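Architecture and fold: a report
The lines below spell out each chain.
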Amino acid sequence: MVTTLIRRIIQAGFVILAMTVIVFLGVNVIGNPVDILINPDLNQAERLRVIENLGLDRPLWQQYLSFLHGLTEGNFGNSFVYSKPALDVILERLPATLELALCAMVIAIVVGLPLGLYAGLYPNRVSSRVIMTGSILGFSLPTFWVGLMLILLFAVQLGWLPSNGRGETAMLFGVRWSFLTWDGLSHLLLPALNLALFKTSLILRLTRAGVQEVIMQDYVKFARAKGLRENRIILVHILKNLMIPVVTIIGLEFGSLIAFSIVTESIFGWPGMGKLIIDSINLLDRPVIVAYLMMMVVLFVSLNFIIDVCYTLLDPRVRLDGKG
Amino acid sequence: MESKIATEAESPIARTGQRPISRRIWPALRHFFSSPAALVGCIGLVVVLFTAIFAPWIAPQNPYDLQQLDIMDSRLPPGSESFSGVPYLLGTDGQGRDILSGIMYGLRTSLIVGIASAFAAALIGTTLGLMAAYLGGRTENFMMRLVDLQLSFPTILMALMVLAILGNGVTNVVLAIIVAEWATYARTARGTALVEREKEYIDAARCLRIPGRRVLLRHLLPNCLAPIIVIATMQVARAIGLEATLSFLGLGASVTQPSLGMLISNGYQYLLSGLYWISFYPGIALLITIVSINLVGDRLRDVLNPRNAR
């Protein structure tokens, strides 16, 4: 068990290293950093001086090594726009994104799991059919368009909820959070709903499929035959065995929520990382782009690692060495 | 002699293989359309395709032809008429373009990008997946690690990565979608091929010393196609959605040939002043397109899945 864990960690390390090569080559070879980094109004001598300062005249492998060296120190260079270290700029925005993603995940679980359970237990009821059709819509509706429609309905037509920004924030553990104030909460609701839409459908369908599979199992029939109460069968025999795929999805999708918050944040002017990366791409703020991409790589590789470990804890049959 | 023919007619081979094609297709079609959702999806898809293909002939206006635009007609609500009496069924946008015509032309861009990228991704992914399954060993291991890695990243992040490096534009969007989606095909193709590989007809082909490439293409591929077709259908819808999202974020197609996503994005700035139709109707068109494709894909999966066969 320990050796396989170590092997997984080493593998994760290799993946991150490979991604640094890809990101580095992508930004430095395919895109021309000279064009991006240097003011086109400069004359030739000044250009050369800047190129030398940035080390762009050195061989590629040396540049890569110094890039790696910067990475280990968390140094991606200064943002061109904010004139601060790129990583700091991103980390400042991190709580807002985390808050949004967490809220969306809670909504998705609270809505998706019970509805999926219901639709799976009583598949022939009309209400189940309505739920399932609704979930197809949830999959098909383009997130950004739903966001616009939410703004249109709740912010413009009804005027109930604000459509832009984070609202009032309160400090907790030295970080600003929106969900601690009423104003912040009202700002949070629309974006979180928007972000949750897709995941709700996903969890719903997954739960339903799981229920329908589990319900056919002998141990459920046996539990029924024993005369256990229906509630106990649902909670213990069905729900517990559902949790493995559902927990996996929740873990995996949390990362994707952070990625998809790019869209939601752009629509609702939520000042998180996603909005930052879009702004940075539009302004060609290269250090921030690189820092964001590397952060995402590390995030997703670690998430996968954690899910792998959780698997073994949840299901003793899945030992890591099973798959090599 | 008589009795021999009779037994042949009853054997399973005769039942499925020997009948003329038209007799095999009709029941299949009837089976396919026995679900009302599939019928709705197909009708929607036909309408969408028809509109996209014949847009220049059926659209009331060419939204890219500046001669036909009148700035006086800008931001008219749905159902208004232009000065010269041309009706704007779905209203006009900030430049006085007819929304309906914009949607018809936008559908073209969206569909071309979606279909082209899904097709290319299918080609690349399927090839790699089949090769992995057929070759096995190290190649397979390496490729599947790559697929796992790729699939652990959300599509939008992969697409963003590509666009952050390469810059905007239609070709780059297509490229980004291919990068984001090839792995799905590779995994499906490999999964199916692994099952098929063990079957006797592949052994038979190998024993006949048919060259590997031919076994792959003529024996393995046709038998792995069903799930790949299903995935491809769904992926077209996803590609269209992804393209729209990227365009909305300002990373997508060019301004001169706006896709549906770009049209929606154009209406964003007018939304807060209550001019809903500029964003609303292109979104509905996008929704109809995606839902139709998904409904058809869903039905295809049910029909093509041997477990669900009657």
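For the structure, see preceding data.
Summarised in this report is the structure supplied together with it. Keep in mind it's a predicted model, so treat the numbers as computed, not measured.

**Side note on the overall build of chain A**
Scanning chain A from terminus to terminus reveals 12 helices and two strands. Secondary structure elements of chain A occur, N-terminal to C-terminal, as α-α-α-α-α-α-α-β-β-α-α-α-α-α. Across chain A, every contact between residues at least 6 apart in sequence was considered, and the portion connecting residues at least 24 apart equals 70%. Here chain A displays about 16,300 Å² of accessible surface, and carbon together with sulfur accounts for 65% of that area.

**Observations regarding empty space enclosed by the protein**
Residues and elements named next belong to chain B. Taken as a whole and judged by the stated rule, the model has three cavities of 30 Å³ or more. Empty space within the largest cavity amounts to approximately 100 Å³. Around the largest cavity, the lining is made up of 13 residues, and of these Asp-93, Arg-97, Asp-98, Gly-102 and Leu-263 lie nearest the centre. Elements that contribute at least two residues to the lining of the largest cavity include exactly helix H5 (99-135), helix H11 (260-271) and helix H12 (277-304). Sort the elements by how many residues they give to the lining of the largest cavity and H5 lands first, with three residues. Here the lining of the largest cavity is composed, by residue class, of eight nonpolar, two polar and three charged. In this structure, the second largest cavity spans a volume of roughly 60 Å³.

**Topic: helix H5 (residues 86-121) of chain A**
Across its 36 residues, H5 of chain A extends 50 Å between first and last C-alpha, which sits within 8% of the 52 Å expected from 1.5 Å per residue. Along its length, H5 of chain A reaches its greatest deviation from straightness, about 35°, at Leu-94 of chain A, and the proline Pro-95 of chain A lies no more than four positions downstream.

**A closer look at the packing of aromatic side chains**
Two numbers describe a pair of aromatic rings. These are the distance of the centres and the angle of the planes. Under the defined criterion, the tally for this structure stands at eight aromatic pairs over all chains. Taken together, the ring pairs connect Phe-144 of chain A together with Phe-248 and Tyr-268 of chain B into an aromatic cluster. When the ring centre of Tyr-122 of chain A is taken as origin, the NZ or CZ atom of Arg-125 of chain A, which lies over that ring, is 4.0 Å away.

What counts, and where the lines are drawn
- Residues numbered from 1 in each chain as written.
- Chains lettered and ligands numbered in written order.
- Predicted model: local features only at pLDDT ≥ 70, side-chain atom pairs only at ≥ 80, totals over all residues.
- Heavy atoms only, no water.
- Helix = DSSP H or I, 4+ residues; strand = E, 2+ residues; numbered from the N terminus.
- Contact = heavy atoms within 4.5 Å.
- Areas by Shrake-Rupley, 256 points an atom, 1.4 Å probe, with all protein chains shown as cover.
- 1 Å grid on protein atoms, 1.4 Å probe; cavity = no way out; pocket = protein on both sides within 12 Å on 5 of 7 lines; lining within 4 Å.
- Points joined across faces, edges and corners; volume = space filled by probe spheres on them.
- Nonpolar A, V, L, I, M, F, W, Y, C, P; charged D, E, K, R; others polar.
- Expected span 1.5 Å × (residues − 1).
- Bend = angle between axes of the 7 residues up to and from the residue.
- Phe/Tyr/Trp six-rings, centres within 6.5 Å; stacked < 30°, edge-to-face > 60°.
- Lys NZ or Arg CZ within 6 Å of the ring centre and 35° of its normal.

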